[in-house]
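Overview (structure and organization)
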Amino acid sequence: MTETALAAPPADLVADGADGGGRVLLEGVSKLYGKNWAVKSLDLEIAAGEFISLLGPSGCGKTTTLRMIGGFELPDEGEVTIGGTAMGSTPPYRRPVNTVFQSYALFPHMSVAKNVAYGLRYAKVPKSEVPERVTEALGMVRMKHLASRMPAQLSGGQQQRIALARALVNRPAVLLLDEPMSALDRKLREEMQIELKLLQQQLGTTFVFVTHDQEEAMTMSDRIAVMNGGRIEQIGSPADVYDRPASAYVAGFIGQQNFFEGTVSSVAPLTVAVPDGAIASSRPSTAAAGAAATVAVRPESVSIAEGEASEGEANAVTATLMSVSRLGSYLQVVTITPGGQKVMARIPWGVTIPTAIGTRVVCRWPADAPMVYPA
Amino acid sequence: MTAVALPATRTRGRRFRWNVGVLAAPVAVWLLFFFVAPFVVILWYSFGDKPSLYITHDNSVLSLGRYVEAFNPTFVTVFLRTLQISVVGTILCLVIAFPMAYWMAVKLPARFQGIAVALVLVPYWTNFLVRTIGWQIVLSPTSFLADASRALGLGTPQLLYTTGAVQLGVVYNYLPLMILPLYVTLERLDPRLLEASRDLGANAFESFRRVTLPIVLPGVAAGLLLVFVPLMGDYITPSVLGGAAGSMVGQQVASQFNVAQNWALGSAMAIVLMVAIIAVVVLFALLFRLVKAIIDRFEHVAIVEGEA
Amino acid sequence: MSAATAPTTTASPGPAPVARRRRPDAGTVLLGIWGVLGFLFLFFPVLVIVAYSFNEGRLLQSYRGFGLGAYEDALTNSAITSGVQVSIYVGIFSALVAAVLGSLAGVAVARRAGARWIGWLTALLGLVMVTPEIVNAVSLLPWFVTLGTDWGFTPLNSGIVRLIVAHSLFSCAVVTFIVRARMAGLSESLEEAAADLGAPPLRRFLDITFPLMRPAVISGALLSFTLSLDNTVLSSFVSTADATPFPVYVFASVRSSLRPAIAAMSTLMLLLTLVALALVAVVLITSRKRTGEGMSLASTLAGG
């Protein structure tokens, strides 16, 4: 196989111990449902030992992609290669991958221990080793004490851990996780995110994680593939997709944004005329002069001060303070410009700002903050 | 790679699993061979004739003669009586069963409901013929009922071998088939819906009419169907309780096969019975839709455009 | 008066806690009376049969004192005992046929619910359930004669085989619908999980699908068994002289003379049916307890 121009993960992110069996390659993979392409010409290279998230709203093709790696769906076009072997139409039970299902899919008629031991039988693990492996796997998720329970007697969080143990006990080269935390409450989810990441680092197994929750993806992943309409919009490290979103879609999907619609008035220096003034950006952009553009400014880049923007000042808008609320370590400020544009700001706790509702304020941001996309 | 190039590795089967649909093939074959085929055969016979005393049927000449023959005055009388018994019996079943099912599902504490269902099932799973014989004992001139009547100086009542006896028998025999579907629907009725309805200002009757009734309507329809269809073709109940005065179509069909050995005429009668049942069911389905449409129209809330 | 506000000041020795219970309204009381009367109505002829099984008289209808003579007659009358034997034999085998065919079809119908031909099959099964027994009976009789005598399909000349085939038709539909209901409630991802963990198709069926559908199959089979024991109309048409099931014997006796022995054997058969039903209940309840989910008994027995 020749080296393709796929987005390869940085070398330092590849786990040292990984032997390459966990390398996953998707080349021109497409899947047709009825008349719609659920996934269209998707190229993706996942390094062994990498934790990658497929992130996107429902219907973006992320679950279909995962199911094609698992073998539950066969691609209509393209090829899935795992550990150097082209999968073709290999059924799931002959693929070196295991899955944690969204609803966990624990076998309701088997105890926890039997659930976990199920795969070992088909992995031809000697009978004498089975108890050891099951105990080890359950210990890994700290569920040893529940080994004899039935799945129906477990809470959602416990079931999720068992599902994880059941998949990991087989020591798969690749672990697929299909929104495994969507049924858990927020606190439990945050705990599990950390645990899962630590576990993955210990094991060096390739994790392919499907989620619609951008925070979840940001917390755990080495790389995030943001998907939309069956394609990958952007792939990169969490910092990449957060700081340098490739499109307005990605910018909006990851974190909060203030969006401004306007027209590019000059390209060098890049300036966009918006109803409430002008936005100048020092970031590179593909927007052409005279064309409509969307500008995204992150709330944390915005500062708030009493007063008005001076005449002709770029990257400053005059607005009215609408609400100030304390969210953890920062203040969430909402303002509205006379033109009806909502501008949000995140001010670190401790910075003094006007808080009286109705105060006229000026919102400013530095020139390296605005991201300009062709509309 | 160009975007329009046809895929080299075109679909290798949509899913990894083999087609479980084939599992239905044995039943399909079994039913085609032992349900559809026999039916087609009697349909064929019904266009034939019974040429002589010792031959059950003959199809060398095809005609609608057996259908004409089937509509003789006796058959028509019995047919109309069957229809009457069936309609009245079905309605009586509904009238008796609905309050019972409602009581079981809504008023009885949950822990007694299982027992109540079991109590409905015990008589239902007692042999149909045997429980009909139970009524024959009760209604017979030598029963304790008749003894009591004589002791009161009212003479021996003629209860057995009447249309009334058959009517009683069928209501009794098919009552569980009405109770069970009604119970199942009412049991699934979320009590919070009624609370919500009361909360929104409806009184008990209004809540019943506007919330309970629309939800249980499918259960009622199922019950009516489950009772009416077998009742119309009943053969056991009138044989045990009806005598000559209370005979039904089922017996007419049976006697053509058992006694008269006229398969052609018997087949025609069976087809007539089948068609009548299907016709009533279709009619009922249309009526049911009409009622639903009227309710929907009555309760229709138009969304005013441009208000939101 | 409020029991909650004055716990000790009332000197009355009456049972105070009872007063706390809300008194049911008139509608509930009337419904309750109606319900109880309904149950009495349902049980009345059954109790009559049980009572008359202890009739020492010669004819069933005229009561001539209490005794167990009828039971002795029932167990020594060869026509009755062989009838019961035929009934049980046919019941077991028709239930087996229905369980196998119906389970397979139930899985197919549940898992391929969208396919058009599944719609046709469901309609056919529905038709089997709503066709009056008498129409079935009169169509099967000539068909069996045609197949057995004219086409030389000799197994169908045996009364037992005819009974098993005839009884299996309705039961197939019953089992299919029960198994379908069960399978529809089970996520397909369980089978996918088994595949994911390395189980090839047949193992997957044996490890996961079958154990999970087993309660439905067992209850369907037991229901089929009781339906077969109950069947009179089909049986009286397709049975032959050497294989007369018990209900057919009883039906013949209705026309000549009914003896208390029939009530006695019917009472015993009722007990047998109740045992079968109790087994259904136990199977369903234990499976629900073990797996924490499952169908309600009533829904199952009422057919979905």
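Counting of residues starts from 1 at the beginning of each chain's written sequence and follows it residue by residue. All chains are assigned letters beginning at A, and all ligands numbers beginning at 1, according to the order in which they are written. Note on the predicted model: pLDDT of at least 70 is required for a residue's local features to be given, and 80 or more for side-chain atom pairs to be given and counted; whole-chain, interface and lining totals, by contrast, use all residues. Excluding hydrogens and water, the side-chain figures rest on all heavy atoms present in the structure.

**Considering the interface of chain B and chain C**
Contacts between the two partners involve 82 residues from chain B, matched on the other side by 86 residues from chain C. A quick way to say it: buried area is the sum, across both parts, of accessible area lost when two parts are put together, with a 1.4 Å probe. Summing both partners gives a buried area of about 7,600 Å² for chain B against chain C, and 80% of it is carried by carbon and sulfur. By convention in these notes, a salt bridge is any Lys or Arg side-chain nitrogen within 4 Å of a carboxyl oxygen on Asp or Glu. Counting every contact that joins chain B to chain C gives 0 salt bridges. Two N or O atoms count as a polar contact when they lie within 3.5 Å, although within protein this holds only if one can serve as hydrogen donor and the other as acceptor, and sequence-adjacent residues are included solely when both atoms are side-chain atoms. Applying the counting rule to chain B against chain C returns 8 residue pairs in polar contact (both at pLDDT 80 or more). In what follows, a contact means two residues having at least one pair of non-hydrogen atoms within 4.5 Å.

**Thoughts on the nonpolar core**
We define the nonpolar core as a collection of buried residues of types Ala, Val, Leu, Ile, Met, Phe, Trp, Tyr and Cys that are connected through side-chain atoms lying within 4.5 Å of one another. A simple rule labels every residue: compare its accessible area, found with a 1.4 Å probe on the protein chains alone, to the largest value its type can have, and call it buried under 20%, exposed over 50%, or partly exposed in between. Counting residues in each nonpolar core, the largest one holds 188 residues, and the members touching the most others are Phe 107 and Tyr 118 of chain A, Met 104 and Ile 133 of chain B together with Leu 42, Ile 134 and Phe 237 of chain C. In terms of residue count, the dominant contributor to this core is helix α7 (residues 163-188) of chain B (15 residues). Phe 107 of chain A has contacts with Asn 115, Tyr 118, Pro 151 and Arg 166 of chain A together with Leu 190, Ala 193, Ala 194, Leu 197 and Ile 208 of chain C, leaving out every residue within four places of it along the chain. Among the nonpolar cores identified, the runner-up in size contains 34 residues, and Tyr 104, Leu 146, Leu 175 and Phe 209 of chain A belong to it. Secondary structure counts use DSSP, requiring at least four H or I residues in a row for a helix and at least two E residues in a row for a strand, with both numbered from the N terminus.

**With respect to the sheet that holds strand β13 (residues 277-281) of chain A**
All names here are of chain A. Whether two strands pair comes down to DSSP finding at least two bridges between them. Pairing in this open sheet of 5 strands is antiparallel, and the strands run β13-β12-β11-β14-β20 from one edge to the other. Every other strand in the sheet has two partners, leaving β13 and β20 (371-374) as the edge strands with one partner each. The average angle at which neighbouring strand axes cross in this sheet is 40°, direction not considered. Pairing geometry for strand β14 (residues 292-297) and β20, over 4 bridges, is antiparallel. Residue pairing in the sheet places Thr 294 in a bridge with Tyr 373 of β20. Axis lines are fitted to C-alpha atoms, over the contacting stretch for helices. Their N-to-C directions set the angle, which ranges from 0 to 180 degrees.

**Let's talk about the UniProt feature "transmembrane region" (unreviewed entry) in chain B**
If you check UniProt for "transmembrane region" (unreviewed entry), the listed places come out as residues 20-45, 83-103, 115-139, 159-184, 211-232 and 263-288 of chain B in our numbering. Regarding residues 83-103 of chain B, the helix share stands at 100% and the strand share at 0%, and the terminal C-alpha atoms are separated by 30 Å. UniProt positions are given in the numbering used here, feature names are shortened, and annotations may be inferred rather than shown by experiment.

**Digging into the pattern of salt bridges**
Under the counting rule described, the total for this entry stands at 22 salt bridges over all chains. One salt bridge connects Glu 192 of chain C with Arg 67 of chain A, and the closest N-O pair in it is separated by 2.7 Å. Note that Glu 192 of chain C is positioned in helix α7 (residues 189-196) and Arg 67 of chain A in helix α1 (residues 62-70), a pairing that runs across two chains. Looking at Glu 192 of chain C, the relative accessible area reads 5%, which means it is buried. Judged by its relative accessible area of 17%, Arg 67 of chain A falls in the buried class. Each of Arg 67 and Glu 73 of chain A together with Glu 192 of chain C takes part in salt bridges that share partners, so that together they form one network.

**Things to note about the packing of helix α11 (residues 249-258) of chain B against helix α12 (residues 263-298) of chain B**
Residues and elements named next belong to chain B. Between α11 and α12, the shortest axis-to-axis distance is 7 Å and the interhelical angle comes to 155°. The angle between the axes of α11 and α12 places the two elements in the roughly antiparallel class. In this structure, α11 meets α12 at a crossing whose hand is left-handed. Side by side, α11 and α12 meet where Val 249, Gln 252, Val 253, Gln 256 and Phe 257 of the first sit next to Trp 263, Leu 265, Gly 266, Ser 267, Met 269, Ala 270 and Leu 273 of the second. Any angle from 65 to 115 degrees is called roughly perpendicular, while one under 35 is roughly parallel, one over 145 is roughly antiparallel, and all others are oblique. In this scheme the crossing of two helices becomes right-handed for a clockwise turn of the near helix relative to the far one and left-handed for an anticlockwise turn of less than a right angle.

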